[in-house]
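Residue-level listing of the chains:
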Amino acid sequence: MHHSELSEQEIIRRQSLNELRNSGIDPYPAALYEVNAYSTDIKEEFNDEEKRPVSIAGRIMSRRIMGKASFIELQDSKGRIQVYITRDDICPGEDKELYNTVFKKLLDIGDFIGIAGFVFRTQMGEISVHAESLTVLAKSLKPLPIVKMKDGVAYDKFNDPELRYDPELRYRQRYVDLVVNDEVKDIFIKRTRIFNAMREFINKFGYLEVDTPVLQSIPGGAAARPFITHHNALDIDLYLRIANELYLKRLIVGGFEGVYEFSRDFRNEGMDRTHNPEFTVMEIYVSYKDYKWMMEFTEQMLEQIATKVLGTTKTTIGDREIDFKAPYPRVTMIDAIKEHTGIDITGMDEEQLREVCRKLNIEVDESMGKGKLIDEIFGEKCEGNYIQPTFITDYPIEMSPLCKRHRSNPELTERFELMVNGKELANAYSELNDPIDQRERFEEQLRLSEKGDDEAMFIDQDFLRALEYGMPPTSGMGIGMDRLTMLLTGQTTIQEVLLFPQMRPEKKTKKDSTANYVETGIPEAWVAVLQKAGYNEVKSLADVNPNKLHQEICGLNKKFKMELTNPSVEEVKSWVENARKNESLNAQ
């Protein structure tokens, strides 16, 4: 990378890197560094009576150099701790270069070091580590963003002058976000605890965690638009899975009592505050159960997870407090629509439902069948009203092609969705195990596909064959792990609970080629300097004052020690004049 593309800080750090190497210190050593203590544990286990020896490692996050003694704040994987460093302790012999040069001049905020010493309490009462040795572990070449603290709240988390206007910067550079914002790391620690608590609950029942294919020949198990890829060796198109439901039900056919999977699913659809094209779902299928049993299983599981992760069943999202204490209310979908629209849709055909949508000002199109129309009514007029956990049950049959008909009303299905904070969190069925009925439902989905519904399900002939071998009565449930994490960590956007959410391509500054500048009479050596000054296109020189430009580029030449021979003012004037002529010709 050319010096002209680096900031002043980055240049200084690279110079320090070279000086470390020249002094015989490897800034990126390969050897193991023994760590036997962590910041938070040291503080929790401190005993004034004991001079405890410790070996710690982490990033330098701040430092106060005071002659022969200094303080730094070291950040490890669990937190931060103060370290007291004196010249004579880390340099007991005649050679004091480790302190005077390496520590004071060549190390920077963000560098990784190892410290061996003992724990003590300072005169100010702060538990700290007194360093007896210092080891350079990794040199940081980019400065960390400036973080200002006020009343325990971090501000200006990303203060890069070139990128501060990009609201997505924290997600693009999550590695930096995690370093400077402790609360972000806590979200992902809780996410792992949520997964672990769910596994613990399910495993108590003796159900088996499994893995099923991500690449599928037919994208089944949900109504969604898939991603398509190509398998070169087999020369066939494959789909990234939109759900793992049909494979898990094959395992029930195979004789497992209960199976579950934490599944990465992919849907080629929109992105917003609650949707990411790549997301995590936990799906579980248990034989000899129905959707009523699954409701009790789900509410008990969520109550236990919240208690284990938060220490309470209550969580706060914005100004709303949500309580996961079981049991949760049960409301049928038709009753929910009746309550929030005043319209009873029982027995309505497709045209009557279209009329209801028009009356309610809900936008629909000709590709939508009865199920999609009902889904639009519920989504637009009802869903957002269910803040506390609520089971919406007994969906019309057109909405649920994989679900068993209701035992007392063949127009409905034995299905529930769990609504929390106005969004679906979980979806469950008494699973359809009649292979003839299932084939007819798939064929109806095919008709919807022919009408233009690109989210209609494919017919999976192998799954139908599996059902023909016989599947016992089964209940299945899928729960969105990203949304559950949002709820239990108080986040309002899905990007906050994904370490690396999908982003649009990063914006790149448009730059003219070196040849374009040379054609204008500008020496090749000065192109990088001009672009460093912000003149990324030749035409940008047409409106500049030549005297100001001369001062600017000569200043950069000196500041970055580029050792170029400065052009005369007259030469710079000729560059500007040529740029103006080019612009005039291009405008004709």
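In this report, we go over the structure that sits alongside the text. (Residues numbered from 1 in each chain as written. Predicted model: local features only at pLDDT ≥ 70, side-chain atom pairs only at ≥ 80, totals over all residues. Heavy atoms only, no water.)

The next subject is the packing of aromatic side chains. Going through the model one piece at a time under the given rule, you end up with 13 aromatic pairs. The interplanar angle of 80° and the centroid separation of 6.1 Å between the aromatic rings of Tyr-260 and Phe-262 together place this pair among those described as edge-to-face. Residue Phe-262 is classed as buried on the basis of its relative accessible area of 13%. Aromatic rings pair up to connect Phe-201, Phe-205, Tyr-207, Trp-293 and Phe-297 into one cluster. Lys-51 extends its terminal NZ or CZ atom over the ring of Phe-118, reaching a point 4.3 Å from the ring centre. Taking the ring centre of Tyr-247 as reference, the NZ or CZ of Arg-250 above it sits at 4.7 Å. (Phe/Tyr/Trp six-rings, centres within 6.5 Å; stacked < 30°, edge-to-face > 60°. Buried < 20%, exposed > 50% of the residue type's maximum accessible area, 1.4 Å probe, protein only. Lys NZ or Arg CZ within 6 Å of the ring centre and 35° of its normal.)

The next subject is the sheet that holds strand 12 (residues 258-266). Each strand in a sheet pairs with another by means of backbone hydrogen bonds, the pair being arranged parallel or else antiparallel. Strand order in the open sheet formed by 8 strands is 8-12-13-20-19-18-17-16, and the pairing between neighbours is mixed. Whereas interior strands pair on both sides, the edge strands pair on one side only; in this sheet they are strand 8 (208-209) and strand 16 (330-332). Where strand 16 lies against strand 17 (residues 390-393), 3 bridges are found, and the strand directions are parallel. Paired with Val-331 across the strands is Ile-392, a residue of strand 17. The sheet strands contacting helix 7 (residues 182-203) are strand 8, strand 12, strand 13 (278-287) and strand 20 (474-480), and the helix crosses strand 12 at an angle near 155°. (Pairing = 2+ DSSP bridges. Helix = DSSP H or I, 4+ residues; strand = E, 2+ residues; numbered from the N terminus. Contact = heavy atoms within 4.5 Å. Axes fitted to C-alpha atoms, helices over the stretch in contact; angles between N-to-C directions.)

Ordered by their spatial adjacency, 5 strands build a closed barrel running 1-2-3-5-4, and the pairing between neighbours is mixed. On average, each strand axis in the sheet is tilted by 55° relative to the strand beside it, whichever way the strands run.

What follows concerns helix 10 (residues 333-341). Each turn of an α-helix holds 3.6 residues, which means side chains three or four residues apart point in the same direction. All of the buried residues along helix 10 are Met-333, Ile-334, Ala-336, Ile-337 and Thr-341. Along the axis of helix 10, the buried residues cluster in a sector spanning 160°; they form a single face. Backbone geometry just after helix 10 places Gly-342 at a positive phi near 80°. (Arc of directions from axis to C-beta.)

What follows concerns the nonpolar core. Formed by 39 residues in total, the largest nonpolar core has its most connected members in Met-282 and Ile-479. Among the secondary structure elements, those contributing two or more residues to this core are helix 7, strand 12, strand 13, helix 9 (291-310), strand 18 (415-420), strand 19 (423-430), strand 20 and helix 15 (481-489). Among the elements that take part in this core, helix 9 stands out by supplying 9 residues, more than any other. Those residues in contact with Met-282, other than ones at most four positions away along the chain, are Met-198, Ile-202, Tyr-260, Glu-261, Phe-262, Met-301, Met-477, Gly-478, Ile-479 and Met-481. Formed by 27 residues, the second largest nonpolar core is a distinct cluster that contains Phe-46, Val-102, Val-119 and Ile-127. (Core = buried A, V, L, I, M, F, W, Y, C linked by side-chain atoms within 4.5 Å.)

Looking now at empty space enclosed by the protein. Summary: where empty space remains is shown by rolling a probe the size of a single water molecule over the atoms. Taken as a whole and judged by the stated rule, the model has 1 cavity of 30 Å³ or more. The space that makes up the largest cavity amounts to roughly 40 Å³. As for the largest cavity, its lining consists of Ile-42, Glu-45, Phe-46, Asn-47, Glu-50, Arg-52 and Val-119. Partitioning the lining of the largest cavity into residue classes produces 3 nonpolar, 1 polar and 3 charged. (1 Å grid on protein atoms, 1.4 Å probe; cavity = no way out; pocket = protein on both sides within 12 Å on 5 of 7 lines; lining within 4 Å. Points joined across faces, edges and corners; volume = space filled by probe spheres on them. Nonpolar A, V, L, I, M, F, W, Y, C, P; charged D, E, K, R; others polar.)

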